[in-house]
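Per-entry structural report
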Amino acid sequence: MKRIRKAIIPAAGLGTRFLPATKATPKEMLPVVDTPAIQYIVEEAAKSGIEDIVIISGRGKRAIEDHFDKSYELEDVLLKHNKISELEEIKGISNMANIYYVRQKEARGLGHAIHCAKTFIGNEPFAVLLGDDIVYNEGKPCLKQLIDCYDEYNTSVLGVQTVEAKDVNKYGIVNGIHIEDRVYKVKGLVEKPPVEESPSNVAILGRYIITPQIFKILEETKPGKGGEIQLTDALLKLIDEEAMYAYDFEGTRYDVGDKLGFLKATVEYALRREDLRDGFIEYLNTLKK
Ligand code: G1P
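Keep in mind the model is a prediction, meaning the values are calculated, not measured.

Take the packing of aromatic side chains next. For the structure on display, the rule yields seven aromatic pairs. Between tyrosine 100 and phenylalanine 120, the aromatic rings sit 5.3 Å apart at their centres with planes inclined by 50°, giving tilted as the arrangement. One end of the pair, tyrosine 100, is in strand β5 (residues 98-103); the other, phenylalanine 120, is in helix α6 (residues 118-121), with 20 residues separating them in the sequence. Residue tyrosine 100 is classed as partly exposed on the basis of its relative accessible area, which comes to 38%. Their ring planes at 85° and their centres at 5.8 Å tell us that tyrosine 136 and tyrosine 269 sit as a pair that is edge-to-face. Residue tyrosine 136 is located in strand β7 (residues 133-136), and its partner tyrosine 269 is located in helix α10 (residues 259-271); the two are separated by 133 residues in the primary sequence.

Residue placement: lysine 288 occurs in helix α11 (residues 277-288). When the C-alpha positions of lysine 288 and arginine 3 are compared, they lie 50 Å apart, and in sequence the two are 285 residues distant.

Moving on, we get to the pattern of salt bridges. What the rule picks out here adds up to 25 salt bridges. The salt bridge involving glutamate 51 is made with arginine 3; its shortest N-O contact spans 2.8 Å. With a gap of 48 residues between them, glutamate 51 in the loop between α1 (37-47) and β4 (52-57) and arginine 3 in the segment before β1 (6-10) connect regions that are remote in the sequence. With relative accessibility at 49%, the residue arginine 3 sits in the partly exposed group. Glutamate 241 is the partner of lysine 216 in a salt bridge, and the nearest nitrogen-oxygen pair spans 3.5 Å. Of this pair, lysine 216 sits in helix α8 (residues 214-220) while glutamate 241 sits in the loop between α9 (231-238) and β12 (244-248), and the two are 25 residues apart along the sequence. What emerges from the salt-bridge pattern is a single network uniting Arg3, Arg5, Lys6, Glu51 and Glu124.

Before going further, it helps to examine the site of the ligand. The full set of residues close to the ligand is Leu110, Leu130, Asp133, Tyr171, Gly172, Glu191, Lys192, Ile204, Gly206, Gln230, Thr232 and Arg253. Here an oxygen atom of the ligand sits 2.7 Å away from a polar atom, N or O, in the side chain of glutamate 191. One of the side-chain nitrogen or oxygen atoms of threonine 232 is found 3.3 Å away from an oxygen atom of the ligand. Within the complex, the protein chains bury 78% of what would otherwise be the 380 Å² of accessible surface of the ligand. Broken down by class, the residue content of the shell around the ligand amounts to four nonpolar, four polar and four charged.

What follows deals with the side chain of aspartate 255. Positionally, aspartate 255 belongs in strand β13 (residues 252-255). By relative accessible area, which is 15% here, aspartate 255 ends up buried. The residues contacting aspartate 255, other than those within four sequence positions of it, are Arg17, Asp132, Gly261 and Phe262.

Procedures and definitions
Residues numbered from 1 in each chain as written. Predicted model: local features only at pLDDT ≥ 70, side-chain atom pairs only at ≥ 80, totals over all residues. Heavy atoms only, no water. Phe/Tyr/Trp six-rings, centres within 6.5 Å; stacked < 30°, edge-to-face > 60°. Helix = DSSP H or I, 4+ residues; strand = E, 2+ residues; numbered from the N terminus. Buried < 20%, exposed > 50% of the residue type's maximum accessible area, 1.4 Å probe, protein only. Salt bridge = Lys/Arg side-chain N within 4 Å of Asp/Glu carboxyl O. Near = heavy atom within 4 Å. Polar contact = N/O pair within 3.5 Å; in protein donor to acceptor, adjacent residues only side chain to side chain. Areas by Shrake-Rupley, 256 points an atom, 1.4 Å probe, with all protein chains shown as cover. Nonpolar A, V, L, I, M, F, W, Y, C, P; charged D, E, K, R; others polar. Contact = heavy atoms within 4.5 Å.

Dropping the structure here:
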């Protein structure tokens with residue numbers, strides 16, 4: 001069985017849900033407290049045992065490359081001012097994993113973005129982590145939970161959670177059979193169905209383990225919902241060829257590509273921070289009056 005060593009983080013989207021902030025700044029670089037959203041995702045991948053990450057980038061996304069690069073000038077200044085803990089933190093960011101970049105030249109959808117990484121991935125199963133979905137889990141990272149499930153079933157695994165009926169039209173929805181604690185066998189998939197047509201409330205929330213057979217299918221996948229080449233449509237075809245499972249992961253997931261989701265993440269991450277918690281609570285209490 002092949003180990004999951006590589007991950008794709010698609011980050012070429014235009015971030016239209018977060019304008020005007022995303023006009024000149026990649027949405028992946030918007031900070032939740034003091035850390036860019038994409039750094040949480042890279043940390044999750046690294047903690048889950050991923051060694052090589054490819055970020056699918058596009059026009060206007062250079063700040064992401066700079067963020068994960070070594071910054072000699074900054075390191076030098078921090079060293080001269082004896083700011084050792086800041087120095088270690090900055091160095092840690094560039095050493096988290098091997099990060100590579102592939103540019104998606106046109107915004108043709110998530111399926112197309114994943115296909116851009118075909119040569120990088122080669123013939124091994126891989127992980128996908130979407131930049132809009134940050135998952136907080138004090139214990140086992142979300143991706144590690146999926147990798148453990150993959151180790152048991154040795155085939156594709158989708159990270160899912162149950163969402164409210166009114167929200168099914170925002171997600172890829174799974175039609176599955178519950179086979180054991182937290183695990184579904186996937187029978188069907190549909191991208192962003194209207195609530196009355198949705199097979200369930202079990203939604204794909206931005207984490208996947210996928211076998212390399214998907215690349216051949218993606219080449220033939222026609223544009224679907226929204227005129228984009230949808231990963232969900234390609235995964236649906238993959239079910240005809242091999243088994244697929246969905247894993248109901250543990251953790252709090254935030255949609256940081258959405259303004260309200262981003263605010264929730266900011267408040268909850270700040271409340272988890274020892275250096276900010278007390279002062280922040282004090283401030284929040286003044287708002288209640
Ligand atoms: C994408 C996928 C969708 C998935 C969602 C999770 O949609 O197409 O299947 O449920 O991410 O966040 P997007 O949010 O990019 O429109």
